[in-house]
Amino acid sequence: MTKNILPNEILRKKRFGGELNEAEIRAFVRGVTDGSWADYQTSALLMAICIHGMSDRETLALTLEMARSGEMLDLSRIPGVKADKHSTGGVGDTTSLILVPLVACCGVRMAKMSGRGLGFTGGTLDKMESIPGMRVDLDVEAFERQVTDIGCAIIGQTAELAPADKVLYALRDVTETVDCLPLVVSSILSKKLAAGCDVVVLDVKTGSGAIMDTPEKSRKLAEDMVRIGNLSGRRFSALITDMDQPLGMYIGNALEVQEAVEVLSGKGDHRLRSLCLELSANMIYLGGHAPDMPKARAKAVEAVRSGRALEKLRRMVEAQGGDPSYITNPEKFTISPACVEIAAPQTGYITRLDAEGCGLAAVELGAGRETKENSIDFGAGIVLLQNKGDRVEQGQPIARLYAQSEALCRRGEERFFQALEVGPQAPQTGPMILDRVAEG
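Our subject in this report is the structure included herewith. Remember, it's a predicted structure, so these values are computed and weren't measured experimentally.

Calculation notes
Every residue gets a number counted from 1 within its own chain, in the order that chain's sequence is written. The predicted nature of this model means local features are confined to residues of pLDDT at least 70 and side-chain atom pairs, given and counted, to a pLDDT of 80 or more, with totals for whole chains, interfaces and linings taken over all residues. Only heavy atoms go into the side-chain values, all of them from the structure, while hydrogens and water stay out. Being paired, for any two strands, means DSSP has found at least two bridges between them. Only runs of H or I of at least four residues qualify as helices and only runs of E of at least two qualify as strands under DSSP, and these elements are numbered from the N terminus. The contact criterion used throughout is that any non-hydrogen atoms of two residues lie within 4.5 Å. Note on method: axes are straight lines fitted to C-alpha atoms, helices fitted across the in-contact stretch only, with angles between N-to-C directions ranging 0 to 180 degrees. Roughly parallel means an angle under 35 degrees; roughly antiparallel, over 145; roughly perpendicular, 65 to 115; everything else is oblique. With the far helix as reference, a near helix turned anticlockwise by less than a right angle produces a left-handed crossing, and one turned clockwise produces a right-handed crossing. Residues are sorted three ways: Asp, Glu, Lys and Arg are charged, Ala, Val, Leu, Ile, Met, Phe, Trp, Tyr, Cys and Pro are nonpolar, and all the rest, Gly among them, are polar. Whenever a pair of cysteine sulfur atoms sits within 2.5 Å, that pair is classed as a disulfide. Here the term buried applies to any residue with accessible area under 20% of the maximum for its type, exposed to any over 50%, and partly exposed to those in between, with areas from a 1.4 Å probe on protein chains only. Among the buried residues, those of types Ala, Val, Leu, Ile, Met, Phe, Trp, Tyr and Cys that are joined through side-chain atoms within 4.5 Å form a nonpolar core. Two N or O atoms count as a polar contact when they lie within 3.5 Å, although within protein this holds only if one can serve as hydrogen donor and the other as acceptor, and sequence-adjacent residues are included solely when both atoms are side-chain atoms. By this rule the span expected of a helix is its residue count minus one, scaled by 1.5 Å.

## Some remarks on the sheet that holds strand β9 (residues 381-384)
- Pairing in this open sheet of four strands is antiparallel, and the strands run β6-β9-β11-β7 from one edge to the other. Looking at the sheet topology across the chains shown, the edges are occupied by β6 (250-251) and β7 (338-343).
- Here β7 runs beside strand β11 (residues 397-403); their pairing, made up of six bridges, is antiparallel. Each residue of the ladder has a partner; that of alanine 343, found in β11, is proline 397.
- In the packing of helix α16 (residues 355-365) onto the sheet, contacts are made with β6, β9 and β11, and the angle to β9 comes to roughly 135°.
- Against the sheet, helix α17 (residues 406-419) contacts β7, β9 and β11, and its axis sits at roughly 25° relative to β7.

As structure tokens, this is what we get:
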């Protein structure tokens, strides 16, 4: 007969820095999921973990138990290697809409589950729903069928996926344990493992628009996630990327779909394009469809150049009920009617274009949510005309802000100016991709 492990036994052990075993972690996650652990007990253990940390063995056990707390998708009926991608947040981050069809063109099945935006980060599902008719609520059977038939799909996460994480995240948010690394790792990876993919590539942001605000913190998170992910039996790699400024030149839902179409047409902002090609190359390589990274990059570039990646996006949209003419003719998107143009306050260089500040400006315009109950204006957002490091003349347009009313535009304008600095000296600018973390 299995011994019933009491919460106070687990709390006492971790309070003094002990290593929890698999049975103790299983009891904790079960108690969180079925409600037999009180919130104050769960919060106490979260704080003890935050103070004392967790070993790799503990973090792996926590990740696996959280994944098993709900539905575990079995994608084995889909032929070939299945891949997924996760980003730790960002502003103007349209990568999923670009790399999902791009990677699918190169032979790797893209079975992507995404979320909605909250706060200043944009959600992939919201961007997709700006396409008229687009459905993101496919059931698992329809999801598997679409990935099998055309190679890719993007849908919303099911409510049954890692339910323990929803409880733990809500408590982490109010107990100052959100940035505790073992808890971040287990939160992200549990959902990815439950989603059933063989290969996962992580885009770990660093800077003002990211959960980790320094390269050192981001590297540690990337290394921990890749290590624990690979210990789980899947294949993981990660890129550490800059998020001190918006990734793309468009911020907002319909606007970002337009930018995705631009990139898949071989145009678009070079920062966004280069990141998408590198993320795609990692998936193609880990998925076994190229012998090395240079050949994987070449395959990704060719998929864009030939037009196959854009056609794959059109097919995915059509398969999910969306109007494919919006991919063929992205000018059909309705952009919000009120517009304010932001002019450079002085002659000089753009020394700061803060990602978080731009994201908050987009929320003021109506492009994001402050709470999960808020509605979104799909046509609201920001089009950047200049970027950090560019030289501008006083009065030169830097950005255009779109909203449903002049009043909302003015609120967004106030936020935008808080994110902007123009100075006499050109700023130092680093690379978009700071590093790659991979097995071995």
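## Concerning the packing of helix α9 (residues 181-194) against helix α10 (residues 215-231)
- Where α9 contacts α10, the axes come no closer than 10 Å and their chain directions differ by 50°. As judged from the angle between their axes, α9 and α10 are oblique. Between α9 and α10 lies a crossing whose hand is right-handed. Counting all contacts with α9, which are made through Leu181, Val184, Val185, Ile188 and Leu189, the residues of α10 involved are Lys220, Leu221, Asp224, Met225, Ile228 and Gly229.
- Residue composition of the contact of α9 with α10, grouped by class: eight nonpolar, one polar and two charged.

## Quick look at the sheet that holds strand β12 (residues 420-423)
- Read from one edge of the open sheet, three strands run β10-β8-β12, paired in antiparallel fashion. The open sheet has two edge strands with one neighbour each: β10 (391-392) and β12.
- Pairing geometry for strand β8 (residues 348-353) and β12, over four bridges, is antiparallel. By the bridge assignment for β12, isoleucine 350 is matched with valine 422.
- Each of β8 and β12 touches α17; the most contacted strand, β12, lies at about 50° to it.

## Here we look at the state of the cysteines
- Here the structure, examined in full by the defined rule, presents zero disulfides.
- Not engaged in a disulfide, the cysteine cysteine 180 finds its nearest cysteine sulfur in cysteine 50; these two sulfurs lie 4.3 Å apart.
- Its sulfur unpaired, cysteine 197 is 12 Å from the next cysteine sulfur, which belongs to cysteine 152.

## Quick word on unusual backbone geometry
- Backbone geometry places alanine 162, a non-glycine residue, at a positive phi of 45°.
- Counting through the fold element by element, alanine 162 comes out in the loop between β3 (152-156) and α8 (163-174).
- The exposure class of alanine 162 is buried, given its relative accessible area of 1%.

## What about the side chain of arginine 271?
- Residue position: arginine 271 is located in helix α12 (residues 270-286).
- Here arginine 271 is in contact with Asp242, Gln245, Pro246, Leu247, Asn387 and Met432, once residues within four sequence places are set aside.

## A look at the nonpolar core
- Grouped together as the largest cluster of nonpolar side chains are 86 residues, with contacts concentrated most on Ile382 and Phe416.
- Those residues within four positions of phenylalanine 416 in sequence are excluded, and the remaining contacts are Ile342, Leu353, Cys358, Ala361, Ile382, Leu384, Ile398, Ala399 and Leu401.
- Formed by 35 residues, the second largest nonpolar core is a distinct cluster that contains Ala67, Leu75, Val147 and Met225.

## Some remarks on the side chain of asparagine 230
- Relative to the helices and strands, asparagine 230 is located in helix α10.
- A polar contact of 2.9 Å, which involves the side chain of asparagine 230, links it to the backbone nitrogen of phenylalanine 236.
- If near-sequence neighbours (up to four positions away) are discounted, asparagine 230 is found in contact with Arg235, Phe236 and Glu439.

## Looking at helix α2 (residues 22-34)
- In this model, α2 (13 residues) spans 18 Å end to end at C-alpha, consistent with the 18 Å of a helix rising 1.5 Å per residue.
- Taken as a whole, α2 has its buried residues at Glu24, Ile25, Ala27, Phe28, Val29, Gly31 and Val32.
- Packing partners of the buried residues in α2 comprise α1 (7-15), α3 (39-52), α4 (56-68) and α8.
- Where α2 starts, the residue carrying a side-chain oxygen 3.1 Å from the main-chain nitrogen of alanine 23 turns out to be asparagine 21.

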